[in-house]
4 protein chains.
Amino acid sequence: MTKIPVGILGATGMVGQHYAALLRDHPWFDLSFVAASARSAGQRYADAVAGRWQPSTDLDARVGELVVEDAYDVGRAIKQRKKCAFVFSAVEMGLEETATLECAYAEAGIPVISNSSAHRFASDVPVLIPEINPRHATIIPAQQKARKWDKGFIVTKPNCSIQSYLIPICALAQAGFPVERIIVTTMQAVSGAGHPGVSSLDIIGNVIPYIDGEEEKSEKEPLKIFGSIVNGKIVDAKNPNISVTCNRVPVVDGHMACVNMEFGKKKPSIDIIKEIWASFKALPQAENFPSAPARPIVYVEDANRPQPRKDRDKGKGMIITVGRLRPCNLLDARFTALSHNIIRGAAGGGILSAEMLKHLGYIS
Amino acid sequence: MTKIPVGILGATGMVGQHYAALLRDHPWFDLSFVAASARSAGQRYADAVAGRWQPSTDLDARVGELVVEDAYDVGRAIKQRKKCAFVFSAVEMGLEETATLECAYAEAGIPVISNSSAHRFASDVPVLIPEINPRHATIIPAQQKARKWDKGFIVTKPNCSIQSYLIPICALAQAGFPVERIIVTTMQAVSGAGHPGVSSLDIIGNVIPYIDGEEEKSEKEPLKIFGSIVNGKIVDAKNPNISVTCNRVPVVDGHMACVNMEFGKKKPSIDIIKEIWASFKALPQAENFPSAPARPIVYVEDANRPQPRKDRDKGKGMIITVGRLRPCNLLDARFTALSHNIIRGAAGGGILSAEMLKHLGYIS
Amino acid sequence: MTKIPVGILGATGMVGQHYAALLRDHPWFDLSFVAASARSAGQRYADAVAGRWQPSTDLDARVGELVVEDAYDVGRAIKQRKKCAFVFSAVEMGLEETATLECAYAEAGIPVISNSSAHRFASDVPVLIPEINPRHATIIPAQQKARKWDKGFIVTKPNCSIQSYLIPICALAQAGFPVERIIVTTMQAVSGAGHPGVSSLDIIGNVIPYIDGEEEKSEKEPLKIFGSIVNGKIVDAKNPNISVTCNRVPVVDGHMACVNMEFGKKKPSIDIIKEIWASFKALPQAENFPSAPARPIVYVEDANRPQPRKDRDKGKGMIITVGRLRPCNLLDARFTALSHNIIRGAAGGGILSAEMLKHLGYIS
Amino acid sequence: MTKIPVGILGATGMVGQHYAALLRDHPWFDLSFVAASARSAGQRYADAVAGRWQPSTDLDARVGELVVEDAYDVGRAIKQRKKCAFVFSAVEMGLEETATLECAYAEAGIPVISNSSAHRFASDVPVLIPEINPRHATIIPAQQKARKWDKGFIVTKPNCSIQSYLIPICALAQAGFPVERIIVTTMQAVSGAGHPGVSSLDIIGNVIPYIDGEEEKSEKEPLKIFGSIVNGKIVDAKNPNISVTCNRVPVVDGHMACVNMEFGKKKPSIDIIKEIWASFKALPQAENFPSAPARPIVYVEDANRPQPRKDRDKGKGMIITVGRLRPCNLLDARFTALSHNIIRGAAGGGILSAEMLKHLGYIS
């Protein structure tokens, strides 16, 4: 099988680097195009990231030799189409500039799988979690038509911090137990803010009880992810009603969430919830996508788990680890969930979405 | 004024050391008796804590010269009554042994102000927060009568992690806005587990989503603290209904709590809540107790506060710092609170209780 | 006594904030002029530092009301001379720009006490540690003459990381035991890099074995500090020959140094060294300067000390804590030293220098 | 090929757990015997380590089913010889008890590869680093004869903190450039103290400048490792003369060492040193032992490397990462080295020694 050539916009940033690391030896995709700001353009990729390479695996020697392109030179990207059938966007700039740049690629016929929130709230742009809403990909033709784009399109992945609890919540809903109300408190890793991101002077031996914009996104995105497509637009679901408080803690990778939840009329027992999670499988598992873990949710019985440092790498960082499920004194039940914010929550999640889009025929 | 001589049981442990540090130059109390396990007995206190002194202030030279007594030798304590009009108990042993030892002192006529949970749930033993329930001290005569104790008695302070939010909740109730339901998630400092306590191998760059026994105590104690005295017994309040999730984070001192709360029928606005907190004063402030901060609650407007490292030392560690007050999507309002677990939550809170008991005439 | 009005250049940066905090209630100096970049100019100082105030003490309300001046508007500073008899410079910009700006103030008649390395290696600019080289202040008239400055001049403080071992080394030399060779390895706190400085993503649970430019400065500055004034120029000393390796560790404040040293022909015993350190006093102690600790060097016998978190605040952050003195298998002796890099190593050291200059009559 | 059955003494401790993790799927050895204290004996291994499993990989299900034996029941171990052809000793108890227990196994005919320092200084017990002193294994027959042991024997691995610099030093000596004098300062991870080991209260945001007994061992062991066998005894080498200062830093895994070194008369250039390190190979590489990295030493050119968190896992934790090589102002050269203390420095190093002993015919 010939691999599909793929590019990264924002390849020198932290998430861009993780895309490069995770695409190493990917069975379907071949990283052949790396673009960044004009400052890095023209350098070997290895030189452009020297001294600030973040992934724990070494940079692939072949990728290190790629010359960094200017992400703004879309014309050049088009000419190199054979190196760039679609792009992952991990650019680190203002939302408006990001939106403009991603549209330019889509308009030029290059599909964009974006980590940014720039288009997340456009009603014709899906926010994809392949285990939850693969059907939202079917909005792509309507998006292309409305925006007069030929082959290009834009899809996004959600905010990294909601992923640890949204898949477990989705599994319950699919099993007939929709959750109607959730109160969440998160403890998020510093890598969620990129590099350099959070100053060490602010976080060593400390907690910062606030992450700018994070709570708003976390309360809004789930309603879209659980939404329906009506007349070529994604219409938000009514539930669950969510209240989120976000904290930054001195952890490198791995976002934790303490969740209190209330079901609708049908309320599963603690044991039933565990069974639902243990047996949950979705499209990525059914079709055995390369980045899909065998089981997306793993429940641990040890009272002191999940822990970011010890559980984040489960399933190569793609598994959601859940624990401490027990009744809640006010709502119905409570649990603690963990996902690797850089893998499942960013680059790994983006690649899983790309695998799904390839499977569904939207990229080739 | 002659100072009242006071002792510490468990003087060599972490909380015991902080009692010794905070009692330095106390205007009413004079630390003259330090007791610990048989292992330390007979040593100079300075030698007994050498190499493991935790407070950031140096050990008082005079106190360093005190000879450590065997805490179990109650007879000797009695003989030294002039050195030991009452004791702070900060022993670190099993609950049953602690209960027995503290009763022995009380029976011998030496009042005990305890940090342990050993007696916290006995209906004739008050759990005191001087800003909230000074009237619970009036149960002391009934306790003495029931237990046939002459001058001795036992009072306790609550679990350290509830103090950051209980005083703010109390201030609201006293202003006519009782809170009926609370969902709390805590992020607690390692000093809460004592020394050596939490292994560094478990907590560096990590979060532990569980603290043994902490959630049960946190859900139960507030009801007693807000309770009433009926026939010589403290009867739990009906409200607030509390659901607490406790986490350990890599912070040295300072317990944080993210609180979602629901009022009864009367619901104050955000601005009213801030006003209530800003103006809150109670007995310790009215009577100007030596350890009482001028204001027990300080609200900070910066979105990224309170932070353990930057706010825990406010008011010499006795102030509760509160921030991020805003509406909750599910309940009525939410906020984040911080208190210094070793000062307000342990030794400082114990000393404030002692000051109150002295003011009320129970110790002299 | 009327206080001398003083200003801070770079008042909104991390070190500038610490100057503001330490000058609170200073008996000789009155902070009345705060200057920063054009971006902050015109704001109340309290607003300019809101959300990023670093010191653990609250901002003085009076100082918070000062309007931030544009540091580049030297003309305005001159007009406000009654608010600004001299300035502490804690600007955070390139060395060349810093040099130019500081010269502009000096030329305008406003003495500058600088934290920057911009002028540290000019032969007519002293690098002052008041306990070591007060006589270097006598070069000021020669500097003024050579540069055609009237009342203004520039003095500097050294790099923060050498201060922990240079005062102990100086004490030995003054006692007749000059050290000729030193091998040092440092473990430096993140606050040494300012704010935001070191990314948390780089340092949590990690060590960075390199600090740009630090080793060069650390090997060069001591020779100047120990140098002599010859014909209006400071001529470097020949000794000690120094080899320094600098590391960054996940510590908030407090630079540690592990030192191996070789004396000249006269070699003191371990006991003699301890005696020399314990009895060491210099001009700041003799004249009882407000910021001077009673003893600049404290030796701790506990094998596991000094520790940054537990010892850095000794003497309000102005004491050098030394421990682990023992023979070295290769050179003569080795020890570990600690100083608070932000207090003794930056703002506190600058204020002590100002106190000395006032005492010597250079500022008034 | 039939695998050799192997056991672990102290299998429930931290290092014992890492042995179990690293032996998973080992091509030559089959973990079939796990022994620990009487407290754990009789439990399933999975139950005995539940809630305190340290390795980042999950416990092998088959090994989890093994029943933990009482390590003191040597008779039972002998009967199970077919499960236990030799043992790795990772017991965590006093040196004397360890020495006695290990001798009991050796006397019973079961070779012991020990992590303990109990026998490290016996002249007939080798301290093995397979890249350095494979010839020291030839002392085994003399040891057996002297101690009247038939098939059993004892070999040890050295202290974990010297491994990062001893292999680089050895490579230079083998290339004709013996190092005569070394001054080292280490920054060691908390896992070096086992679990629970270092209290989080002591090390978060802090450095502890002392590790009990570590400096003595670090100055003594290299001379033995570089020693010669004379008349059935290992005679210490004369060089290098070493001075070591050991510090504990808040890092989970990975010991760093800053090294200043002086050669004998022959002094290689910086470039020559790098070439020697890059090309260094020894017996484990020549014979391609399963745990041997292709190159034991990797030199990194980035000025800010090696770093524990980013480099410790190179070569599955068996590579020594070296950087910052440059001239020293006092001695000849200086560099910084890193090794994974739990893999290369403990369990991985022990397994590599076992592979070498199997290759040399001492175990089968």
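Details of the structure are given in the entry above.
Residues numbered from 1 in each chain as written. Chains lettered and ligands numbered in written order. Predicted model: local features only at pLDDT ≥ 70, side-chain atom pairs only at ≥ 80, totals over all residues. Heavy atoms only, no water.

(A) Quick peek at the interface of chain A and chain C. Chain A puts 17 residues into the contact, and the matching count from chain C is 17 residues. Summing both partners gives a buried area of about 1300 Å² for chain A against chain C, and 66% of it is carried by carbon and sulfur. At the junction of chain A with chain C, the criterion picks out 0 salt bridges. Inspection of the chain A/chain C interface yields 6 residue pairs in polar contact (both at pLDDT 80 or more). Tallied by class, residues from the side of chain A that touches chain C come to 10 nonpolar, 6 polar and 1 charged. (Contact = heavy atoms within 4.5 Å. Buried area = accessible area lost by both parts, 1.4 Å probe. Salt bridge = Lys/Arg side-chain N within 4 Å of Asp/Glu carboxyl O. Polar contact = N/O pair within 3.5 Å; in protein donor to acceptor, adjacent residues only side chain to side chain. Nonpolar A, V, L, I, M, F, W, Y, C, P; charged D, E, K, R; others polar.)

(B) The pattern of salt bridges, seen in detail. Residues and elements named next belong to chain A. Here the structure, examined in full by the defined rule, presents 64 salt bridges over all chains. Between Asp-47 and Arg-44 there is a salt bridge, with its nearest N and O atoms 2.8 Å apart. In this structure Asp-47 comes out as partly exposed when scored by relative accessible area, which is 42%. On the accessibility criterion, Arg-44 (31% relative accessible area) is partly exposed. Each of Arg-44, Asp-47 and Glu-65 takes part in one network of salt bridges that share partners. (Buried < 20%, exposed > 50% of the residue type's maximum accessible area, 1.4 Å probe, protein only.)

(C) Fine view of the relation of the copies chain B and chain A. Each copy of the sequence occupies a distinct position, and chain B is placed on chain A by a rotation of 180 degrees and an axial shift of 0.0 Å, giving an RMSD of 0.0 Å. Read as a symmetry element, the transformation amounts to a two-fold axis. A share of 100% of the interface residues of chain B reappears at the interface of chain A, consistent with the copies meeting face to face through the same patch. (Least-squares fit on C-alpha atoms with pLDDT ≥ 70 in both.)

(D) Layout of the sheet that holds strand β4 (residues 86-89) of chain C. Residues and elements named next belong to chain C. Ordered by their spatial adjacency, 6 strands build an open sheet running β3-β2-β1-β4-β5-β6, and the pairing between neighbours is parallel. Either end of the sheet is taken by a strand with one partner, and the two such strands are β3 (69-70) and β6 (154-156). Pairing of β4 with strand β5 (residues 112-114) involves 3 bridges; the strand directions are parallel. Looking at the pairing, Ser-89 lines up with Ser-114 of β5. Helix α1 (residues 14-23) rests against β1 (4-9), β2 (29-36) and β4 of the sheet, and its axis sits at about 160 degrees to β1. (Pairing = 2+ DSSP bridges. Helix = DSSP H or I, 4+ residues; strand = E, 2+ residues; numbered from the N terminus. Axes fitted to C-alpha atoms, helices over the stretch in contact; angles between N-to-C directions.)

(E) Local environment of helix α9 (residues 214-225) of chain C. Taking 1.5 Å per residue as the helical rise, α9 of chain C with its 12 residues ought to reach 16 Å, and the 16 Å between its terminal C-alpha atoms agrees with that figure. When you tally the buried positions in α9 of chain C, you get 9 out of 12 residues, the bulk of the element. Elements in contact with the buried residues of α9 of chain C: α7 (163-174), β7 (179-188), β9 (233-235) and β10 (241-248) of chain C together with β13 (320-327) and β14 (333-339) of chain D. (Expected span 1.5 Å × (residues − 1).)

(F) Spotlight on the packing of helix α1 (residues 14-23) of chain A against helix α13 (residues 343-359) of chain A. All names here are of chain A. It is the contact of α1 with α13, at a shortest axis distance of 9 Å, that shows an interaxial angle of 55 degrees. In this view, α1 runs oblique relative to α13, as classed from their interaxial angle. The handedness of the crossing between α1 and α13 is right-handed. Between α1, through Val-15, His-18, Tyr-19, Leu-22 and Leu-23, and α13, the contact on the second element is made entirely by Ile-343, Ala-346, Ala-347, Gly-348, Gly-350 and Ile-351. Classifying every residue of the contact of α1 with α13 gives 8 nonpolar, 3 polar and no charged. (Parallel < 35°, antiparallel > 145°, perpendicular 65-115°, else oblique. Left-handed = near helix turned anticlockwise from the far one by under 90°.)

(G) The arrangement of the pairing of strand β4 (residues 86-89) of chain A in detail. Across the two faces of β4 of chain A the burial is the same, with Phe-86 and Phe-88 of chain A and Val-87 and Ser-89 of chain A all buried. Taking the sense of rotation as the criterion, the β-α-β connection linking β4 of chain A, helix α5 (residues 95-107) of chain A and strand β5 (residues 112-114) of chain A turns out right-handed. (Right-handed = clockwise from strand over helix to strand, strands pointing away.)

(H) Broad picture of the pairing of strand β14 (residues 333-339) of chain B. All names here are of chain B. Buried residues dominate β14, accounting for 7 of its 7 residues. Of the two faces of β14, the one lined by Ala-333, Phe-335, Ala-337 and Ser-339 and the one lined by Arg-334, Thr-336 and Leu-338 are each fully buried. Examined bridge by bridge, strand β13 (residues 320-327) and β14 share 5 bridges and lie antiparallel to one another. The residue bridging Gly-323 from the neighbouring strand is Thr-336, located in β14. In sequence, β13 turns back onto β14 through a hairpin of 5 residues.

(I) Main features of the interface of chain B and chain A. Across the contact, 46 residues belong to chain B and 46 residues belong to chain A. Our enumeration of links across chain B and chain A arrives at 8 salt bridges. In this structure, Glu-219 of chain B engages Arg-334 of chain A in a salt bridge whose closest nitrogen and oxygen atoms are separated by 3.1 Å. Looking at the side of chain B that touches chain A, the elements that each hand over two or more residues are β7 (179-188), α8 (200-203), α9 (214-225), β10 (241-248), β11 (255-263), α12 (308-311), β13 and β14 of chain B. The dominant element in the side of chain B that touches chain A, judged by the number of residues it contributes, is β10 of chain B, at 7 residues. For the side of chain B that touches chain A, a count of residues per class yields 24 nonpolar, 12 polar and 10 charged.

(J) Expanded view of the sheet that holds strand β3 (residues 69-70) of chain B. Residue and element names in this part refer to chain B. In spatial order, the strands read β3-β2-β1-β4-β5-β6; together these 6 strands make up an open sheet with parallel pairing. Both outer strands of the open sheet, β3 and β6 (154-156), are each paired with one neighbouring strand and no more. Inspection of the sheet shows strand β5 (residues 112-114) paired to β6 by 3 bridges, in the parallel sense. Note on β6: the bridge partner recorded for Ser-114 is Thr-156.

(K) How the structure looks around helix α13 (residues 343-359) of chain C. All names here are of chain C. Here α13 spans only 21 Å end to end across 17 residues, well under the 24 Å set by a 1.5 Å rise per residue. At Gly-349, α13 shows its maximal kink, close to 50 degrees. Remark: Gly-361 follows α13 within two positions and exhibits a positive phi of approximately 90 degrees. (Bend = angle between axes of the 7 residues up to and from the residue.)

(L) The side chain of His-119 of chain A, seen in detail. All names here are of chain A. Here His-119 shows up in the loop between β5 and α6 (140-147). With relative accessibility at 6%, the residue His-119 sits in the buried group. Among the polar contacts made by the side chain of His-119, one reaches the side chain of Glu-102 at a distance of 3.2 Å. Those residues within four positions of His-119 in sequence are excluded, and the remaining contacts are Ala-99, Glu-102, Cys-103, Val-125, Arg-147, Ile-154, Thr-156 and Lys-224.

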